Amino acid sequence: MFEEAQYFAPVATKDDGSVVVELATSHPGFADAVYRQRRNAIAALALGHTPGDPIPTAEYTDEEHHVWALVTKELAVKHRKYAVREFLDASGRLGLPRDRIPQLQEVGDLLEPLTGFRYLPAAGLVPLREFYGVLADGLFHSTQYIRHHSVPLYTPEPDVVHEVIGHANTLASPRFAALYRAAGRAARQVETDVALEFVSKVFWFTLEFGVMREDGEPRAYGAGILSSYGEIEEFRGMDIRPLDLAAMGTTHYDITKYQEVLFEAASFDHLEDTVGAFWDTCDDDTVARLLAASPA
Ligand SMILES: [Fe+2]
């Protein structure tokens, strides 16, 4: 999932217990009463879920399954061109369905034998400490809804395409899964909100929007790039800088636009030795030192 509050449609529980997802007027599904009703029902499923219980089944329409099939097909072509090998190999092992939206329960059933990760349903924004913290336990909070069928290649918010095609394919790699777990441990090691934000920004510029040098060119491993039909064609033209913890932890980003500044690992080892090692060992003091050394 994405980590900024304003990116998620707010979810409200009314006095009568009903759950309402408050879509912005600019949302492609705003005027579609049937879609909105389903969004409300899917959010209610997540709110009513108890960790450890099977994840409730979300009802999707045929149109929504078609959206999944279309996006899967289009992104697969782009992944072969732009994704790192580790992602492509992991995606091949995971074997997500191509013709229909998988339920999150099924995603966890496919993932767990590979790397131990399971999915948890999220109605919308999950507090940072909780979202990151449970990564250490091999749990990934995920939205269940899918974008509106009128614009299958666009979403203003992180939907199940982002969560599953972007993140689950990555989480199927033992090396990437280890980095997600390290990020989770880091979130539990730090105590101040400042340090937690720093840890989350490093996550943003790596596991959400990271690129890596491979065969002499930048390739994507960040779930945000790998799940975006438009952005995956644009990232090579962005301002790509070398991996730099202090810079990643302090660079401002705008979640509503394509990311203009990206950070590139020279190799997978470089990513692990720099970012993985930071998450493994960081505490409030480590972050304070990096902030002090940052020019920002
Ligand atoms: Fe995400």
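Definitions and limits used
- Residues numbered from 1 in each chain as written.
- Predicted model: local features only at pLDDT ≥ 70, side-chain atom pairs only at ≥ 80, totals over all residues.
- Heavy atoms only, no water.
- Buried < 20%, exposed > 50% of the residue type's maximum accessible area, 1.4 Å probe, protein only.
- Helix = DSSP H or I, 4+ residues; strand = E, 2+ residues; numbered from the N terminus.
- Arc of directions from axis to C-beta.
- Contact = heavy atoms within 4.5 Å.
- Polar contact = N/O pair within 3.5 Å; in protein donor to acceptor, adjacent residues only side chain to side chain.
- Phe/Tyr/Trp six-rings, centres within 6.5 Å; stacked < 30°, edge-to-face > 60°.
- Lys NZ or Arg CZ within 6 Å of the ring centre and 35° of its normal.
- Salt bridge = Lys/Arg side-chain N within 4 Å of Asp/Glu carboxyl O.
- Pairing = 2+ DSSP bridges.
- Axes fitted to C-alpha atoms, helices over the stretch in contact; angles between N-to-C directions.
- Parallel < 35°, antiparallel > 145°, perpendicular 65-115°, else oblique.
- Nonpolar A, V, L, I, M, F, W, Y, C, P; charged D, E, K, R; others polar.
- Core = buried A, V, L, I, M, F, W, Y, C linked by side-chain atoms within 4.5 Å.

Student: So what exactly am I meant to see when it comes to helix α13 (residues 284-293) here?
Tutor: It helps to recall that an α-helix has 3.6 residues per turn; residues three or four apart then point in one direction. Listed as buried for α13 are Asp284, Thr286, Val287 and Leu290. One side of α13 holds all its buried residues, which, seen down the axis, span an arc of 160°. Facing away from the buried side of α13 by over 90 degrees, the exposed positions are Asp285, Arg289, Ala292 and Ala293. Buried residues along α13 sit in contact with α8 (193-208), α11 (245-248) and α12 (268-281). Its side-chain oxygen placed 3.0 Å from the backbone nitrogen of Asp285, Asp283 serves as the N-cap of α13.

Student: Whenever I open this one, the packing of aromatic side chains confuses me. Can you help?
Tutor: Each pair of aromatic rings is reported with the distance of its centres and the angle of its planes. With the rule as written, the count across this model stands at 17 aromatic pairs. Seen from their ring centres, Tyr82 and Phe235 are 5.8 Å apart, and the 80° between their planes marks the pair as edge-to-face. Separated by 153 residues along the polypeptide, Tyr82 in helix α2 (residues 62-82) and Phe235 in the loop between α10 (231-234) and β7 (239-242) bring together distant segments of the chain. Both rings, one in Tyr132 and one in Phe203, keep their centres 5.1 Å apart while their planes meet at 75°; by these two values the pair is edge-to-face. Taken together, the residues span a long stretch of sequence, with Tyr132 in helix α5 (residues 128-133) and Phe203 in helix α8 at a distance of 71 residues. The exposure class assigned to Tyr132 is buried, which follows from its relative accessible area of 0%. Under the relative-accessibility criterion, Phe203 is labelled buried at 0%. An aromatic cluster of three or more residues is present, and its members are Phe117, Tyr119, Phe131, Tyr132, Phe140, Tyr180, Phe203 and Trp279. Seen from the ring of Tyr229, Lys78 lies directly overhead, with NZ or CZ sitting 4.5 Å from the centre.

Student: Got a minute to help me understand the pattern of salt bridges in this structure?
Tutor: Between side chains of opposite charge, a pair can form when the charged atoms approach closely. Taken as a whole and assessed by the stated rule, the structure comprises 20 salt bridges. Here Asp193 and Arg129 are joined by a salt bridge, their closest N and O atoms 3.4 Å apart. With Asp193 in helix α8 and Arg129 in helix α5, this residue pair connects regions lying 64 residues apart in the sequence. For Asp193, a relative accessible area of 59% gives the class exposed. Under the relative-accessibility criterion, Arg129 is labelled partly exposed at 33%.

Student: Would you take a moment to explain the pairing of strand β6 (residues 217-220) for this structure?
Tutor: Bridge count between strand β5 (residues 211-214) and β6: four bridges; the pairing is antiparallel. In the strand pairing of β6, Glu214 is matched with Glu217.

Student: Would you take a moment to explain the side chain of Lys78 for this structure?
Tutor: Inspection of the secondary structure assignment puts Lys78 in helix α2. Overall, Lys78 belongs to the buried group, its relative accessible area being 10%.

Student: Please clarify how the packing of helix α3 (residues 85-94) against helix α6 (residues 160-171) should be interpreted in this entry.
Tutor: Helix-helix packing: each pair is described by the crossing angle between the helix axes and the interaxial distance. One can describe the packing of α3 onto α6 by two numbers: an axis separation of 8 Å at closest approach and a directional angle of 95°. In terms of orientation, α3 and α6 fall into the roughly perpendicular class. When α3 is examined against α6, the residues Phe87, Ala90, Ser91 and Leu94 are found in contact with a partner set consisting of Ile165, Gly166, Ala168, Asn169 and Thr170. In terms of residue class, the contact of α3 with α6 is made up of five nonpolar, four polar and no charged.

Student: Looking at this structure, I do not really get the environment of Glu86. What am I missing?
Tutor: Looking at the element boundaries, Glu86 is found in helix α3. In this structure the C-alpha to C-alpha distance between Glu86 and Arg175, which are 89 residues apart in sequence, comes to 8.4 Å. Excluding residues that lie within four positions of it along the chain, Glu86 makes contacts with Ser173, Pro174, Arg175, Phe176 and Phe268. Engagement of the side chain of Glu86 in a polar contact is seen with the side chain of Ser173, the distance being 2.7 Å.

Student: Sorry if this is basic, but what is going on with the nonpolar core here?
Tutor: Soluble globular proteins: nonpolar side chains tend toward being buried together. By size, the foremost hydrophobic cluster in this structure holds 84 residues, and its most contacted members are Leu111, Tyr119, Val164, Leu271, Phe278 and Trp279. If near-sequence neighbours (up to four positions away) are discounted, Tyr119 is found in contact with Ile55, Leu104, Val107, Gly108, Leu111, Phe140, Ser142, Glu163, Val164, His167, Ala168 and Leu171.

Student: What's the story with the sheet that holds strand β8 (residues 261-265) in this structure? I'm lost.
Tutor: Where strands meet in a sheet, backbone hydrogen bonds hold them as pairs that are either parallel or antiparallel. Pairing in this open sheet of four strands is mixed, and the strands run β6-β5-β8-β7 from one edge to the other. For this open sheet the edge positions go to β6 and β7, each flanked by a neighbour on one side alone. Neighbour-to-neighbour, the strand axes of this sheet turn through a mean angle of 45°, independent of strand direction. Where β5 meets β8, two bridges bridge the pair, whose relative direction is parallel. From the neighbouring strand, Val211 faces β8, where its bridge partner is Glu264.

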